[in-house]
Amino acid sequence: MKSKLKLTDRVWREFLFCDVFEIVDGYYNKKPPKDEKGRLPFLGATQYNNGLTGFTTEHNVKLYDKVGGTTMPDVCRRLYNGGCIAITNNGSVGHAYYQAGVFTCSHDITVVYLKDGDMTKEIALFLIPSIQKAGQAFAYAKKWRPIRMRRSKLLLPTTSNGTPDWAFMEAYMKQVEKELFSEALPKLEQQLLDNIITLGALEDREWKEFLFSDVFTKIQRGKRLKKDDHIKGKVPYVSSTANNNGLDGFVGNTERVRIFSDCITLANSGSVGSAFFQEFAFVASDHVTALKIKGMDKYVYLFMLPIIGRLSEKYGFNREINDTRISREKLLLPVTYDGTPDWGFMSAFMKRVEQETLLPALRHFKSKKCNQMLMGGGKIRPYFMEDVVQIINGVRLTKADMTAGSRPFVGASEGANGVTEFVGNINASLDGNVLGVNYNGSVGFSFYHPYEALFSDDVKRVRWKDETANNKYNLLYLSTAITQQRGKYAYGYKFNAQRMKRQIIMLPSLPDGTPDFAYMEHTMRVMEYDVLSEYLKRVSNE
């Protein structure tokens, strides 16, 4: 087994920035006009969003010079190649971000490239904490301009000849990333699976043929039991009928019979190809074969029934499914990225089918109209927030009164999902599965909090009045609708409770004028599915 890399595996020493990096000054750039269709990042002196403050186009950058004119002499200095680290030297001084692709930036950014190699993502991620530590000596009043940066130092692991060990740094960060992925990927895959099931996206799965003998851990025919030998009893007797789940009576026989449970029965004669899931113990006739997978739940079996049932198309009364033929048969199943049967998907899909099958019956016992349970997508119409949501105050908690702990404290920030501290306090603002909407500070920013947290008095707690609608997806849709309005508010024009109540947001509606929560959930699931699908495909290919 390959040994785990440790930071103590190497000798560390200090290096001057100018010995390690090619340091390029930012361009004294009047921020080019934003463009809705722009894809070129503009970096400024912020600590958020990887330094991104907006998008523009290469055309705009080349057109407008540092004072907003249209002179062209220094146009080559306005664009920066990727494979570098962008460091803020003013404003939020000392923050550093890896940039993979081409970008433009202000003079508040200093760009650094490796002198003796390519700056991969992993090397950059290793370097950034050291760079940010070096920047702690600087602040807004003491800018980290390039002349000072050239004299700054950073501590790095070295090779045997004393040079920076880039290969070790890259390998170490790949190890860290792999460890993080091993924890996060199962959760992300489950989220993706949940959306696949909800959206009915069977066509998005990869399918593969498997031999019966490779899928089932036990394939065994029942034993002959003549009618005259039946003893009256309560144990189901399963034979080759196509009705009643294969049930052909009840018996009390316990000797010279084969008893199975938790498996599929396949009729190999009579109603050839009829397949049923048998959850409880039963006696099997010699006209059925039991198909079992050790440790599998009933939903996987239910998923396979219609696939197995297609055998009836090639067999019949004059062509039975004998043991030899079963051993050669194949079935088509959805697979995971490594090509093995995706049992998790099959189970989750059939749970969803079961849920959707039960819903129509449950609707008869609910007071809500049936069309509220269906996918909508009607007209988008305006709503006053006070008509559709609850708006609840946070509680003031000063820095001096905070105690150390692990409970998130949500303040009026635009970063880190609004979490500004972790505390051990508890007060009346304790809440979860709710939006935190800033009415002060970074006004108008809205974040979803599935976990329990405390909320500052600068943050309003917002949730749907209809409690049945307060799931993650509907709240994320609401968060987007609220955030779209934040442009009209600012530090001097707070988003206070009174304004929030009368703020109009645009939401999809049903014909009766109520919000279409089913449509909102569906929309957000589609978006999550698309993002997770692309992300997991990329990760699996790395």
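Quick summary incoming for the structure in this document. What you see is a predicted model, and the numbers here were worked out from it, not measured in a lab.

### Let's talk about helix H7 (residues 298-309)
And then number 1: With 12 residues, H7 extends 16 Å between its outermost C-alpha atoms, agreeing within 8% with the 16 Å of an ideal straight helix rising 1.5 Å per residue.
And then number 2: Residues of H7 that are buried: Tyr299, Val300, Tyr301, Phe303, Met304, Leu305 and Ile308.
And then number 3: Where H7 starts, the residue carrying a side-chain oxygen 3.0 Å from the main-chain nitrogen of Tyr299 turns out to be Asp297.

### Structural notes on helix H11 (residues 472-483)
And then number 1: In this model, H11 (12 residues) spans 16 Å end to end at C-alpha, consistent with the 16 Å of a helix rising 1.5 Å per residue.
And then number 2: Buried within H11 we find Tyr473, Asn474, Leu475, Tyr477, Leu478, Ser479, Ala481 and Ile482.
And then number 3: Between the side-chain oxygen at the start of H11 and the backbone nitrogen of Tyr473 there is a gap of 3.0 Å, and the oxygen is on Asn471.

### Observations concerning the environment of Asn244
And then number 1: Along the chain, Asn244 turns up in the loop between strand S12 (232-238) and strand S13 (247-251).
And then number 2: For Asn244, a relative accessible area of 62% corresponds to the exposed category.
And then number 3: Each C-alpha atom of the pair Asn244 and Phe276 lies 9.3 Å from the other, and the pair is 32 residues apart in sequence.

### Quick notes on the sheet that holds strand S4 (residues 52-56)
And then number 1: If you trace the 3 strands from one edge of the open sheet to the other, you get S4-S3-S7, paired in mixed fashion. In the strand order of this sheet, the two ends are held by S4 and strand S7 (104-105), each with one partner.
And then number 2: Where strand S3 (residues 40-43) lies against S4, 4 bridges are found, and the strand directions are antiparallel. Its bridge partner being in S4, Leu43 is matched across the sheet by Leu52.

### Considering the environment of Ile308
And then number 1: Its location among the elements puts Ile308 in helix H7.
And then number 2: Residues Ile308 and Lys330, 22 residues apart in the sequence, show an inter-C-alpha distance of 8.9 Å.
And then number 3: The contacts of Ile308, once residues within four sequence positions are left out, are Phe212, Phe216, Ile264, Leu266, Gly273, Ala275, Leu291 and Leu331.

### A look at the environment of Ile128
And then number 1: Here Ile128 is to be found in helix H3 (residues 121-134).
And then number 2: With relative accessibility at 11%, the residue Ile128 sits in the buried group.
And then number 3: Ile128 sits 34 residues away from Gly94 along the chain, and the two C-alpha atoms are 9.8 Å apart.
And then number 4: Not counting residues up to four positions away in its chain, the partners in contact with Ile128 are Ile85, Ala96, Tyr97 and Tyr98.

Conventions we followed
- Counting restarts for each chain, with residues numbered from 1 along the sequence as it is written.
- Local features in a predicted model are, by the rule used here, given only for residues with pLDDT of at least 70; side-chain atom pairs are given and counted only at 80 or more, and totals for whole chains, interfaces and linings are based on all residues.
- With hydrogens and water stripped out, all remaining heavy atoms of the structure feed into the side-chain values.
- Put simply, DSSP marks the helices as runs of H or I at least four residues long and the strands as runs of E at least two long, and each gets a number from the N terminus on.
- Working rule for helices: expected span equals 1.5 Å times residues minus one.
- A 1.4 Å probe rolled over the protein chains alone gives each residue an accessible area, and that area as a share of the maximum for its type sets the label: buried under 20%, exposed over 50%, partly exposed in between.
- Polar contact is the term for a pair of N or O atoms within 3.5 Å; when the atoms are in protein, one must be able to donate a hydrogen and the other to accept it, and sequence-neighboring residues count only if both atoms are side-chain atoms.
- The criterion for strand pairing is that DSSP finds at least two bridges linking the strands in question.
- Note on contacts: a residue pair qualifies if any of its non-hydrogen atoms lie within 4.5 Å across the two residues.

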